[in-house]
Amino acid sequence: MSNTKGYAAQSATTPLGPFKFDRREPGAHDVEIEILYCGVCHSDIHQARNEWGGSIFPMVPGHEIVGKVTRVGAHVKNFKAGDLAGVGCLVGSCGSCPSCEQGLEQYCEKGMVGTYNGREKDGSPTYGGYSDKIVTNEEFVLKISEKLSLERVAPLLCAGITTYSPLRQWKVGKGHRLAVVGLGGLGHMAVKLGVSMGAEVTVLSTSARKEADAKELGAHKFVVTKDEASLATVKNYFDFIIDTVSAEHDLNLYLSLLRLDGTMILLGVPPTAPQVAAFNLIGKRRRLAGSLIGGIKETQEMLDYCAEHNIMSDVEVIPISEINNAYGRMIKGDVHYRFVIDLKTLN
Ligand code: NAP
Ligand code: ZN
């Protein structure tokens, strides 16, 4: 066992604070990583506050992890001490179901093992990246390019892959009109990736103040969803809508912006279930879909794509002592556009 320092929520209603726990010694197939940076995802808030139910406490959140390999097990082939490495949202899956066989471990039929708020095969809880190190089977460890700045790469491990995967699945590109709902961590990556793939990208936001940022991120249009006149200009307009909203909102408003055969893809997971009016789908043969993070192979493909195209997250680096304030700001939509924890501040 090795002593690990982290930050944990002790219950759904307590702020996060310092927490000491043990990580296993690296087994034959394990990689030990000294965590340098960890992004802050809205899923961390949902789970730390038990908004989806079933949370395991104490909880050390964090699934956008980058750092340096410190030790590897005897059978590890692809990593050695000193390499840069990343861990995203999952650290295990059954490995043999049809989903796992296709490299879609996130859809494992026996359930994937989350990087935190999950359980290892022996039943012990998993603890995430708000900590100084992690020990993970090498099959769930990603290679990180030396070319990019590490703190700006961390959010690719969740916000990057969660938006890259549906853009690839639906082959979004040149000639498509793509809308991104919500300009936060996932949303700003959807804009950058959508633009890089050749789509015309519109941000649909509740925050008029984000217009200049949206354009700087590459968006072609910006619509404030509270402004009915502005919204009317994009009725029946989009081929695809990617919805990254973390709070309750009316899907019908957005569905009405899809053209014939358009598809709206849900990424955000508000705590309450949405209502959908059938007429909003049948009237224009529209489709409503969802997508969950991405498999390991596709996550590596996304990281390599971002290194090649120089795509990184826009980040605000914080000391870990600021984490509770950062949660408060994210809930208010005040994020530009991902908080990233500098784990050196844990000491
Ligand atoms: P975030 O950085 O907090 O961004 C969410 C954005 O949603 C806000 O910045 C805001 O953008 C918009 N928003 C907030 N409240 C709203 C409301 N009431 N109505 C309309 N828009 C609202 O969150 P994130 O980290 O990107 O995560 C977003 C969601 O995706 C969360 O629910 C998270 O759990 C989920 N998620 C899903 C997956 C997956 O695999 N599917 C992976 C990661 C995260 P504007 O100011 O522009 O309106
Ligand atoms: Zn996430």
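Residues numbered from 1 in each chain as written. Chains lettered and ligands numbered in written order. Predicted model: local features only at pLDDT ≥ 70, side-chain atom pairs only at ≥ 80, totals over all residues. Heavy atoms only, no water.

Draft legend 1. How the structure looks around the coordination of the zinc ion (ligand 2). Protein ligation of the zinc ion (ligand 2) involves Cys41 (SG), His63 (NE2) and Cys158 (SG), the donor distances falling in the range 2.0 to 2.2 Å. Mapping the donors of the zinc ion (ligand 2) onto the primary sequence yields the spacing C-x21-H-x94-C. Taken as a pair, Cys41 in the loop between β3 (30-39) and α1 (42-48) and His63 in the loop between α1 and β4 (65-72) lie far apart in primary sequence, 22 residues in all. Taking the relative accessible area as the measure of exposure, Cys41 reaches 3% and is therefore buried. (Donors = N, O, S within 2.8 Å, 3.2 Å for Na, K, Ca; no water. Helix = DSSP H or I, 4+ residues; strand = E, 2+ residues; numbered from the N terminus. Buried < 20%, exposed > 50% of the residue type's maximum accessible area, 1.4 Å probe, protein only.)

Draft legend 2. Examining the domain arrangement of the chain more closely. Assigned domains within the chain: domain 1 (2-157 + 312-345) and domain 2 (160-290). Between domain 1 and domain 2, the contact holds 18 residues from the first and 16 residues from the second. Carbon and sulfur atoms supply 52% of the area that domain 1 and domain 2 bury against each other, a total of about 1300 Å² over both sides. Among the residues of domain 1 in contact with domain 2, Trp52, Leu156 and Tyr337 are the three that bury the most area, contributing 39% of the side total. Lys192 is paired through a salt bridge with Asp314; the nearest N and O atoms lie 2.7 Å apart. Across the domain 1-domain 2 interface, the total number found is 12 residue pairs in polar contact (both at pLDDT 80 or more). Taken together, the residues of the side of domain 1 that touches domain 2 break down into 7 nonpolar, 5 polar and 6 charged. (Domains from an automatic or database assignment. Contact = heavy atoms within 4.5 Å. Buried area = accessible area lost by both parts, 1.4 Å probe. Salt bridge = Lys/Arg side-chain N within 4 Å of Asp/Glu carboxyl O. Polar contact = N/O pair within 3.5 Å; in protein donor to acceptor, adjacent residues only side chain to side chain. Nonpolar A, V, L, I, M, F, W, Y, C, P; charged D, E, K, R; others polar.)

Draft legend 3. Highlighting the site of ligand 1. Around ligand 1, a shell composed of 32 residues is seen, among which His42, Ser205, Thr206, Ser207 and Arg338 lie nearest. Within the backbone of Val269, one N or O atom sits 3.0 Å away from an oxygen atom of ligand 1. Arg338 is positioned with one of its side-chain polar atoms (N or O) 2.6 Å from an oxygen atom of ligand 1. In isolation ligand 1 offers 920 Å² of accessible surface; the protein chains occlude 92% of this area. Broken down by secondary-structure element, the contributors of at least two residues to the shell around ligand 1 are α1 and α5 (185-196). When residues are assigned to domains, the shell around ligand 1 turns out to be shared by domain 1 (2-157 + 312-345) and domain 2 (160-290), each giving three or more. (Near = heavy atom within 4 Å. Areas by Shrake-Rupley, 256 points an atom, 1.4 Å probe, with all protein chains shown as cover.)

Draft legend 4. Quick look at the nonpolar core. If you look at the biggest cluster of nonpolar residues, it comprises 53 residues, and the most contacted ones within it are Val66, Ile144, Val153, Leu178, Val191, Leu193 and Leu303. Elements represented by at least two residues in this core include exactly α3 (150-153), α4 (159-169), β10 (177-181), α5, β11 (200-205), β12 (221-224), β13 (238-243) and α10 (296-309). Considering each element in turn, this core owes the most residues, 6 residues, to α10. Sequence-distant contacts of Val191, defined by excluding residues within four places in its chain, comprise Val180, Leu183, Val201, Val203, Leu217, Gly218 and Ala219. Among the nonpolar cores identified, the runner-up in size contains 39 residues, and Tyr116, Tyr127, Ile320 and Ile323 belong to it. (Core = buried A, V, L, I, M, F, W, Y, C linked by side-chain atoms within 4.5 Å.)

Draft legend 5. Geometry of the side chain of Asp44. Its place among the elements puts Asp44 in helix α1. Put simply, Asp44 is tucked away with no salt bridge, and the nearest opposite charge, on Arg338, sits 7.0 Å away. Dropping the residues within four chain positions of it, Asp44 is found in contact with Gly39, Pro61, Gly62, His63, Tyr116, Tyr130 and Tyr327. (Lys, Arg positive; Asp, Glu negative; His and termini not counted.)

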